[in-house]
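# Commentary on secondary and tertiary structure
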2 protein chains.
Amino acid sequence: MKNGKKEKRKVDDAALKTEIKSLRERLLAQQQEIREKKLPIIVLVEGWSAAGKGSLINELISEIDPRFYNVISPVITPEAECRYPFLYPYAKAIPENGKIMFYDSGWMEDVVRKLLRREITKDQYKDRVRSVNEFERQLRDGGYLILKLFVDIDRKEQRKRMEALKNNYETEWRVTGDDLWQHKEYDAFRDAYEGFMDKTGKLVPWHILNGGDKRSAARDALKLLVTQVDEALAAGRYVGEPFKEKFPLKEMPKLSEVDLSPCLTDEDYKRELKKLQKRLGELHNRIYRKKIPVILCYEGWDAAGKGGNIRRVARPLDPRGFDVMPIASPEPRELNRQYLWRFWTRLPRSGHVCIFDRTWYGRVMVERLEGFCTEKDWKRAYNEINEFERQLTDWGAVVLKFWIHIDQDTQLARFNDRQNTPEKQWKLTEEDWRNREKWPQYEEAIDEMLQKTSTTNAPWFIIESNDKKYARIKTLRIVVDALEKACEAHI
Amino acid sequence: MKNGKKEKRKVDDAALKTEIKSLRERLLAQQQEIREKKLPIIVLVEGWSAAGKGSLINELISEIDPRFYNVISPVITPEAECRYPFLYPYAKAIPENGKIMFYDSGWMEDVVRKLLRREITKDQYKDRVRSVNEFERQLRDGGYLILKLFVDIDRKEQRKRMEALKNNYETEWRVTGDDLWQHKEYDAFRDAYEGFMDKTGKLVPWHILNGGDKRSAARDALKLLVTQVDEALAAGRYVGEPFKEKFPLKEMPKLSEVDLSPCLTDEDYKRELKKLQKRLGELHNRIYRKKIPVILCYEGWDAAGKGGNIRRVARPLDPRGFDVMPIASPEPRELNRQYLWRFWTRLPRSGHVCIFDRTWYGRVMVERLEGFCTEKDWKRAYNEINEFERQLTDWGAVVLKFWIHIDQDTQLARFNDRQNTPEKQWKLTEEDWRNREKWPQYEEAIDEMLQKTSTTNAPWFIIESNDKKYARIKTLRIVVDALEKACEAHI
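Residues numbered from 1 in each chain as written. Chains lettered and ligands numbered in written order. Predicted model: local features only at pLDDT ≥ 70, side-chain atom pairs only at ≥ 80, totals over all residues. Heavy atoms only, no water.

Okay, the sheet that holds strand 7 (residues 322-326) of chain A next. Residue and element names in this part refer to chain A. What the five strands build is an open sheet, ordered 7-8-6-9-10; its pairing is parallel. Where the open sheet ends on each side, the last strands, each with one partner, are strand 7 and strand 10 (460-464). Pairs of neighbouring strands in the sheet enclose a mean axial angle of 20°, with direction left out of account. Here five bridges tie strand 7 to strand 8 (residues 353-357), and the two strands are oriented parallel to one another. Residue pairing for strand 8: Asp 323 is matched across the bridge by Cys 354. Here helix 11 (residues 306-314) sits on the sheet and contacts strand 6 (294-300), strand 7, strand 8, strand 9 (398-405) and strand 10; the angle it forms with strand 6, its principal contact strand, is near 160°. (Pairing = 2+ DSSP bridges. Helix = DSSP H or I, 4+ residues; strand = E, 2+ residues; numbered from the N terminus. Axes fitted to C-alpha atoms, helices over the stretch in contact; angles between N-to-C directions. Contact = heavy atoms within 4.5 Å.)

Next up on the list: the pattern of salt bridges. A full pass over the atoms with the stated rule returns 125 salt bridges over all chains. Residues Glu 387 of chain A and Arg 137 of chain A are paired through a salt bridge, measuring 2.5 Å at the closest nitrogen-oxygen approach. One end of the pair, Glu 387 of chain A, is in helix 15 (residues 375-395); the other, Arg 137 of chain A, is in helix 5 (residues 122-141), and 250 residues separate them in sequence. In this pair, the class of Glu 387 of chain A matches that of Arg 137 of chain A, namely buried. In this structure, Arg 190 of chain B engages Asp 152 of chain B in a salt bridge whose closest nitrogen and oxygen atoms are separated by 2.8 Å. One end of the pair, Arg 190 of chain B, is in helix 8 (residues 186-200); the other, Asp 152 of chain B, is in strand 4 (residues 145-152), with 38 residues separating them in the sequence. Here the salt bridges share partners, and the residues they tie into one network are Arg 140, Asp 141, Arg 363, Glu 367, Asp 377, Arg 380 and Glu 384 of chain A. (Salt bridge = Lys/Arg side-chain N within 4 Å of Asp/Glu carboxyl O. Buried < 20%, exposed > 50% of the residue type's maximum accessible area, 1.4 Å probe, protein only.)

Residue and element names in this part refer to chain A. Between its first and last C-alpha, helix 16 (residues 408-420) extends 18 Å over 13 residues, near the 18 Å set by a 1.5 Å rise per residue. Residues of helix 16 that are buried: Thr 410, Gln 411, Arg 414, Phe 415 and Arg 418. The arc that holds the buried residues of helix 16, viewed along the axis, is 135°, so those residues lie on one side. Opposite the packed face of helix 16, turned more than 90 degrees from it, sit the exposed residues Asp 409 and Asn 420. (Expected span 1.5 Å × (residues − 1). Arc of directions from axis to C-beta.)

When pLDDT is averaged along chain A, the result is 95; 99% of the residues meet or exceed 70. In the predicted assembly, ipTM is 0.82 and pTM is 0.90. (pLDDT = per-residue confidence, 0-100.)

Scanning all chains against the criterion turns up five cavities of 30 Å³ or more. The volume enclosed by the largest cavity comes to roughly 110 Å³. Together, 13 residues line the largest cavity, and Phe 135, Gln 138, Gln 338, Leu 340 and Trp 344 of chain A are the ones closest to its centre. Of all elements in the fold, only helix 5, helix 13 (341-344) and helix 15 of chain A reach the threshold of two or more residues within the lining of the largest cavity. Residue contributions to the lining of the largest cavity peak at four residues, all from helix 5 of chain A. Taken as a whole, the second largest cavity spans an internal volume of roughly 90 Å³. Lining the second largest cavity are Ala 91, Ile 94, Phe 135, Gln 138, Leu 139, Gln 338, Leu 340, Trp 344, Phe 388 and Gln 391 of chain B. The greatest single-element share of the lining of the second largest cavity, amounting to three residues, is contributed by helix 5 (residues 122-141) of chain B. Here the lining of the second largest cavity is built from residues that sort into seven nonpolar, three polar and no charged. (1 Å grid on protein atoms, 1.4 Å probe; cavity = no way out; pocket = protein on both sides within 12 Å on 5 of 7 lines; lining within 4 Å. Points joined across faces, edges and corners; volume = space filled by probe spheres on them. Nonpolar A, V, L, I, M, F, W, Y, C, P; charged D, E, K, R; others polar.)

As a further point, take the packing of helix 15 (residues 375-395) of chain B against helix 18 (residues 439-453) of chain B. Residue and element names in this part refer to chain B. Look at helix 15 against helix 18: their axes get within 10 Å of each other, and the N-to-C directions meet at 40°. Taken together, helix 15 and helix 18 sit at an angle that is classed as oblique. Relative to helix 18, the crossing made by helix 15 is right-handed. Listed contacts from helix 18 to Trp 378, Tyr 382, Asn 386 and Glu 389 of helix 15 are Glu 448, Met 449, Lys 452 and Thr 453. (Parallel < 35°, antiparallel > 145°, perpendicular 65-115°, else oblique. Left-handed = near helix turned anticlockwise from the far one by under 90°.)

Turning our attention to the interface of chain A and chain B. Facing the 48 residues of chain A at the interface are 48 residues of chain B. Roughly 4,100 Å² of surface becomes buried between chain A and chain B when both sides are summed, with 49% attributable to carbon and sulfur atoms. Among the residues chain A hides against chain B, the three largest losses belong to Arg 67, Arg 320 and Trp 426 of chain A. Together they make up 16% of the total. Our enumeration of links across chain A and chain B arrives at 10 salt bridges. (Buried area = accessible area lost by both parts, 1.4 Å probe.)

As structure tokens, then:
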């Protein structure tokens, strides 16, 4: 009888081995098509400490060409030391088209562990769960294939494995204080994992693998990966549908309704400029110490006076604590990733100011009008951008967005001036003239943008800039007011 | 009498103010030409704590468009926690063409402070001074304008300023333990600063500013910057001359002398592969714990079998601890900086393995042959690369370089095979055929490269790859041997 069982297990083992081998071969064969069809793939491997996440990943990658995948094993920074939004390390690491990124634990462990450690409140937990769902949806809608695995073991098995690791000189260092704490709090962790999976499994489902049996877990993971890759390759690149979520919005006028006559005398300008810059300099010191991140977004018509406006705001800031990010056309590595990636990677550290000279709103202006993305893409972007900005303000950032506004006559006068002034000619390009011809289409797009993305947490401000002096003072005042408020709120 | 002095000072003050204003205007006027002529500028501001480095930088930038400069204020990581070469944070931050980077203290403070703290030995100090000179020369030779300023104050003045800062609630946090320690050890610091400047002032001179008088220090700094920018713009982009430095070299055969007949039976291959991969996996664990960085460089003929070779080496490695970096054509941000920048930014953390699939040697192969750089550029590169690699091995890295070698007949056979096998066609491009036509020119360039850059600290290995199995085993054995040695050396 016993021998019979043994025999049976041997046969099963051999069958499992063969199955794994053939799945690996299929994955190897898919590799070329993944690259050709530019499918980006994220494999998130979460699970218990000592459940074998690392060795599972090893099984998955063993036949893939190492040029086409990467594995990261993010360190969870204690909340108090985090200088970026909690999704930042994960967003930064998304793969480019045609490549696979394996996360050896990721945003789930991050959120759950911080909840259990009470580094975040229950409300923050809820916000993070929502952000995770948004993050995954945005990637999926941008064509990413996401596979989420949870490697499960029971408490007894975990103890057995941890003891085995600890009893071996070569591996004892692998068992950390965090791991022991998890084992002690096994039940609380189980509840928290289950709760998290419950709340994040609707859009991109979770797959629970039995880590107690490493070989069959590997088989199951491989099968899931191979099947989903097949489906994704057959279906062609996924483009998400636009959808609407309610965000509290600030009412915005149409551009055509904006009165552009406000102006300032030289004298008033100088007095106000001095006063506001002095105050801004003091506030910068305070927000630096309070570690408040500040994100100022500039958009506006060509020749509206963005550059000079930015200069006046930047002038009083401590140069060690701010950056101006000019946003030009995306480079290949940027085009090969979800469109917000190039902004995620440019976020300021907390306590720093980042001034974006043009922004992610390119998606719903130039990319929309020039056809650089599909209609679904830019229509989806309003909502995605609102979500992204809410993630920034959840993190504690002050986000202010300025539309530097002029009328067509003023633009023409400034274009002509640039053309006729040798030191200014570099500022005027053929493209500026071409864009000018599309003024009505742009105006329509901008109106729609202002209506749909002026959320109360990250509002738009239309800055009347026919008179540049007026525009600068108005902008400075908005910045100063917002920073005053933020400093008061963070005691 | 007293009144007369006061009067005189007022006149001087007014004159200084006017002078500063006019210098700033000149800098503003230069800005456009800096961009047009693509001049990259580095301003290193070193000096005593509380000497006013920050406010000096503020004076320099106050008229420049913030899109064209950046300021970094690098934190000096304690030596024991450094995971990268000491120049890494500075090399990573070099500006792109047409932009200015201000370093609010930099490599000088880093090296001097660590010497005085005894975080580095005197020998390490010497190596770092040498590396700094190399770093600055490479940038200068690559067209960078470098201005090095030292803001000087005496001990009494430093005490006065620190006390003023400490007595103000808003500024007391600015005086750190490091600052107080510096003040206590003022004399030792003075000696160390002077010693460092003495050893690093030949190529790119130091300019000492009197920080006791902030306004005239600002004037002096502005004058230096404006004058040097004028000179650099007038002279046109600087291209450094090739020069020779003696490096201990390993003797290398010419490619034509290499016997390509070695091969392995399937049986021997499988046995050795298993054995070596097992050993490599164990060693990876050890180098991870000992925090030894490992850099493996692959170059070779098209179709020589680089990919398969890399796969066999990567296979046993823990995927969380290695990266494969495929090096394709540089992107714009890379072309706009010194050519080694894109490799500096890809270095592995200590304890990690980075496999470069093609490397910085592109400079002396494809860039040389296709005319992507000047003759002076590629001729200088042998020496620059030897220096770069010595900086890596000084840091503790294992650097191994493999030339995967085949003969022309084998290449042709493999090209034909790729052409005739649908799953392999993607591997063969028009460019491969074009490169093949230039075999003799490439062979000449490669021979020169192997002769000039096979240093004893970062040697080349020619891997006979007509038989891929033989090539893989040879490579694995070299890696295993080198890691064994490195592990023994780091106890």
